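# A look at the structure
These are the residues of each chain, in order.
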Amino acid sequence: MPPTDPETADRPLKCSLYYFASDEGGASAADKRRLLFDSARFADHNGFCAVWAPERHFHAFGGLSPNPSVTAAALAALTSNVRIRSGSVVLPLHPVARVAEEWALVDVLSGGRVDLGVASGWFPNDFVLAPPGTYERRGELLFERLEALRSLWRGDPFEAVNPLGDTVSLRTLPRPVQPELPVWITAAGNPDTFARAGLQGIEHSGGRHHAHATRSGRPCGCGLCRGRIPDALETPRCHPYIGGKASRPIPIDGGHTMYRSLFPRDLFAELDRLQRE
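Treat the numbers as computed from the prediction; the structure is a model and nothing was measured. (Residues numbered from 1 in each chain as written. Predicted model: local features only at pLDDT ≥ 70, side-chain atom pairs only at ≥ 80, totals over all residues. Heavy atoms only, no water.)

### Quick notes on the packing of helix 2 (residues 68-78) against helix 3 (residues 96-110)
Any two packed helices are characterised by the angle at which their axes cross and by the distance between the axes. Put simply, the test is: Orientation is described by lines fitted to C-alpha atoms, with helices fitted over the stretch in contact, and by angles between N-to-C directions that extend from 0 to 180 degrees. Per the convention used, a helix needs a DSSP run of H or I reaching at least four residues, while a strand needs a run of E reaching at least two, with both numbered from the N terminus. Angular relationships are summarised with four words: roughly parallel below 35 degrees, roughly antiparallel beyond 145, roughly perpendicular across 65 to 115, and oblique for the angles in between. Note on contacts: a residue pair is in contact if any heavy atoms of the two residues lie within 4.5 Å. In this classification, the charged set is Asp, Glu, Lys and Arg, the nonpolar set is Ala, Val, Leu, Ile, Met, Phe, Trp, Tyr, Cys and Pro, and all remaining amino acids, among them Gly, are polar.
In the contact formed by helix 2 and helix 3, the axes pass within 9 Å of each other and the chain directions differ by 10°. Regarding the angle of helix 2 to helix 3, the classification is roughly parallel. Seen from helix 2, the contacting residues are Pro-68, Ser-69, Ala-72, Ala-73 and Ala-76; seen from helix 3, they are Glu-102, Trp-103, Val-106, Leu-109 and Ser-110. Residue composition of the contact of helix 2 with helix 3, by class: seven nonpolar, two polar and one charged.

### Some words on the nonpolar core
This is how it is decided: Residue types Ala, Val, Leu, Ile, Met, Phe, Trp, Tyr and Cys, when buried and joined through side-chain atoms within 4.5 Å, form a set referred to as a nonpolar core. Three exposure classes are used, based on accessible area relative to the maximum for each residue type with a 1.4 Å probe and protein chains only: buried under 20%, partly exposed in between, and exposed over 50%.
Core analysis: the biggest nonpolar cluster contains 31 residues, and Val-51, Ile-84, Leu-91, Trp-103, Leu-116, Val-118 and Leu-149 have the highest contact counts within it. Mapped by element, the contributors of at least two residues to this core are helix 1 (29-45), helix 2, helix 3, strand 5 (114-119), helix 4 (138-154) and strand 8 (183-186). Apart from the residues within four sequence positions on either side, Val-118 is in contact with Ser-88, Val-89, Leu-91, Leu-142, Leu-146, Val-183, Trp-184, Ile-185 and Thr-186.

### Describing the state of the cysteines
Note the threshold: By disulfide we mean two sulfur atoms from cysteines, separated by a distance within 2.5 Å.
The tally for this structure, following the rule as stated, stands at zero disulfides. In this model Cys-15 remains outside any disulfide bridge; the closest cysteine sulfur is found in Cys-49, 7.4 Å from its own. By relative accessible area, Cys-15 is classed as partly exposed at 23%.

### A word on the environment of Cys-15
Note on placement: Cys-15 falls in the segment before strand 1 (16-18). For the pair formed by Cys-15 and Ala-43, sequence separation is 28 residues and the distance between their alpha carbons is 9.2 Å.

### Comments concerning a nonpolar patch on the surface
Threshold: Residues with no salt bridge and a relative accessible area higher than 30% make up the patches, which join like charges within 9 Å and nonpolar side chains (Val, Leu, Ile, Met, Phe, Trp, Tyr) within 5 Å. Here the Shrake-Rupley method, with its probe set to 1.4 Å, supplies the accessible areas, and only the displayed protein chains count as covering residues. Between Lys or Arg on one side and Asp or Glu on the other, a salt bridge is scored when a side-chain nitrogen of the former is within 4 Å of a carboxyl oxygen of the latter.
Side chains of Leu-105, Val-108, Leu-109 and Val-177 sit close together on the surface and give an oily, nonpolar patch of about 320 Å² of accessible area. Tracing the sequence through the fold places Leu-105 in helix 3.

### Quick look at the side chain of His-57
To keep things clear, this is the line we draw: Within 3.5 Å is the distance limit for a polar contact, defined as a pair of N or O atoms, with the added protein rule that one can donate a hydrogen and the other accept it, and that residues adjacent in sequence qualify only through two side-chain atoms.
Within the fold, His-57 resides in the loop between strand 2 (50-53) and helix 2. Taking relative accessible area as the criterion, His-57 reaches 10% and is therefore assigned buried. Within the structure, His-57 has its side chain in polar contact with the side chain of Glu-55 (distance 2.7 Å). If we ignore the near neighbours within four places in the chain, the residues touching His-57 are Pro-66, Leu-93, Asp-126 and Leu-129.

### Quick look at unusual backbone geometry
Across the junction of Gly-87 and Ser-88, the peptide omega takes the value 10°, indicating a cis bond. Within the secondary structure, Ser-88 is located in the loop between strand 3 (83-86) and strand 4 (89-90). Here the amide bond leading from Leu-173 into Pro-174 is cis, since omega sits at 0°, within 30 degrees of zero. With respect to the helices and strands, the residue Pro-174 is situated in the loop between strand 7 (167-170) and strand 8. Despite not being glycine, Phe-58 shows a phi value in the positive range, around 60°. Inspection of the secondary structure assignment puts Phe-58 in the loop between strand 2 and helix 2.

### Examining the packing of aromatic side chains
The condition is simple: Working definition: rings of Phe, Tyr and Trp (its six-membered ring) pair if their centres are within 6.5 Å, and the pair is stacked with planes under 30 degrees apart, edge-to-face with planes over 60 apart, and tilted otherwise. Put simply, a charge is over a ring when the Lys NZ or the Arg CZ is close to the ring centre, within 6 Å, and near the line of the ring normal, within 35 degrees.
Within this structure, the stated rule accounts for five aromatic pairs. Geometrically, the ring pair formed by Trp-52 and Trp-184 is edge-to-face, given 5.5 Å between the ring centres and 75° between the ring planes. Residue Trp-52 is located in strand 2, and its partner Trp-184 is located in strand 8; the two are separated by 132 residues in the primary sequence. Seen in terms of ring centroids, Trp-122 and Phe-123 are 5.2 Å apart; in terms of plane orientation they differ by 55°. Their pairing is tilted. Here Trp-122 falls in the exposed class, since its relative accessible area comes to 56%. Here the aromatic cluster, defined as three or more aromatic residues joined through ring pairs, consists of Tyr-18, Trp-52 and Trp-184. In this structure, Arg-56 packs its charged tip against the face of Phe-123, placed 5.5 Å from the ring centre. Sitting over the ring of Tyr-135, Arg-138 keeps its end group 4.0 Å from the ring centre.

Structural measurements only, silent on function.
Next up, the structure:
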């Protein structure tokens with residue numbers, strides 16, 4: 001695919017693995033988890049840039065990873081090169097201090113390879129884990145808690161009241177390897193979230209809905225960003241077809257086989273189409 005912008009001409013296409021697969025349990029569950037680890041090793045040894053662990057509750061689709069920090073810690077221990085990313089932590093569901101602690105530990109275990117994808121959440125059932133009213137304020141809470149999370153990551157103290165009624169000043173531990181937290185905003189369907197991320201220069205992970213507002217060196221023209229140039233990168237998620245008689249088998253660790261068929265051809269076609277929109 002020929003580059004269409006001089007600023008992006010020298011940027012190579014980077015690919016990663018996103019583990020948003022179905023897990024209903026049963027006899028095949030062990031094989032799916034083994035494939036998760038084996039494919040992560042494959043990505044680490046074959047030039048992939050990252051592996052992503054989602055947060056998903058109460059549903060088989062994505063049910064392999066209800067807590068992405070746990071999945072990420074396992075992936076960090078198995079790999080040495082790829083970035084370890086959440087895709088994504090639903091910040092309105094969690095105390096910010098716990099998110100800072102858990103992902104700082106993953107950053108330590110990985111040697112400083114964490115990128116934190118965060119999201120506002122969208123599925124009402126997930127919000128049984130949060131206080132009443134959280135679902136209605138989830139968009140606002142996302143950016144409020146993201147600001148607090150970045151502060152805690154840097155080592156800034158926060159004040160809280162303990163059960164004895166004492167106001168205490170606390171810092172989260174362990175201290176991460178990276179002094180600043182690399183952040184991605186996931187916005188698959190809400191243009192306001194996407195625009196706000198672009199205005200703040202935060203990387204974006206999501207579907208194809210807003211791929212025009214990338215870091216292109218010129219105003220995106222969408223109106224939502226008010227003509228500014230978002231200092232952010234777009235990471236579209238693609239669901240490739242794998243398998244079939246016309247596919248070329250690629251052996252990976254653990255006795256699995258990955259089939260390369262429409263994945264890069266359709267990926268390049270999709271990216272080319274998005275650039276023309």
